[in-house]
Amino acid sequence: MAQIITRVDDQLMAQLDEIVASGEVESRSDAVRRALEAMIDQRRRRLVGEAIADGYRRVPETEEELRWATENARALVAEEPW
């Protein structure tokens, strides 16, 4: 496993230590690892969303597709036991 060494200010370190002390994470390393994973996942999701939106801009839905999607969405909602 690779290792990262970084500097953080005292306030950030104190907040990190509070998170560790509360038991939310096992260690400083665990907190940093989770934060990086969350940031990378957020970026991945943003890129996927942008790619989907770009695809719809390049090839917009047809009126027929929109009508079909609306009808099916309404049917699914109608089936719910609200």
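Summary of the structure given here. Small disclaimer: the values here were computed from a predicted structure and weren't measured. (Residues numbered from 1 in each chain as written. Predicted model: local features only at pLDDT ≥ 70, side-chain atom pairs only at ≥ 80, totals over all residues. Heavy atoms only, no water.)

A tally of helices and strands in the protein chain yields three helices and zero strands. For the protein chain, the sequential pattern of α-helices and β-strands runs α-α-α. By the compact-globule yardstick of 12 Å for 82 residues, the protein chain is too spread out, its C-alpha radius of gyration being 22 Å. A principal-axis box enclosing the C-alpha atoms of the protein chain has dimensions of 60 × 40 × 25 Å. (Helix = DSSP H or I, 4+ residues; strand = E, 2+ residues; numbered from the N terminus. Rg over C-alpha atoms; globule rule 2.2 N^0.38 Å.)

Before going further, it helps to spend a moment on the layout of surface pockets. The rolling of a water-molecule-sized probe over the atoms marks out the regions of remaining empty space. As a volume, the largest pocket reaches approximately 610 Å³. Lining the largest pocket are 19 residues, and of these Ile4, Arg28, Ser29, Val32 and Arg33 lie nearest its centre. If you list the elements that add at least two residues to the lining of the largest pocket, you get α1 (10–21) and α2 (28–58). (1 Å grid on protein atoms, 1.4 Å probe; cavity = no way out; pocket = protein on both sides within 12 Å on 5 of 7 lines; lining within 4 Å. Points joined across faces, edges and corners; volume = space filled by probe spheres on them.)

Right, let's talk about the pattern of salt bridges for a bit. Under the defined criterion, the tally for this structure stands at six salt bridges. Between aspartate 17 and arginine 28 there is a salt bridge whose closest N-O contact spans 2.7 Å. Of this pair, aspartate 17 sits in helix α1 while arginine 28 sits in helix α2, placing them 11 residues apart in sequence. Residue arginine 28 is classed as partly exposed on the basis of its relative accessible area, which comes to 41%. Where aspartate 30 meets arginine 34, a salt bridge forms, and the shortest distance between an N and an O atom there is 3.4 Å. Of the two residues, aspartate 30 and arginine 34 both sit in helix α2, four residues apart, roughly one turn of that helix. Given the relative accessible area of 12%, aspartate 30 is considered buried. Connected through shared salt-bridge partners, Asp41, Arg44 and Arg45 make up one network. (Salt bridge = Lys/Arg side-chain N within 4 Å of Asp/Glu carboxyl O. Buried < 20%, exposed > 50% of the residue type's maximum accessible area, 1.4 Å probe, protein only.)

As far as function goes, none of this settles anything; it's purely spatial.
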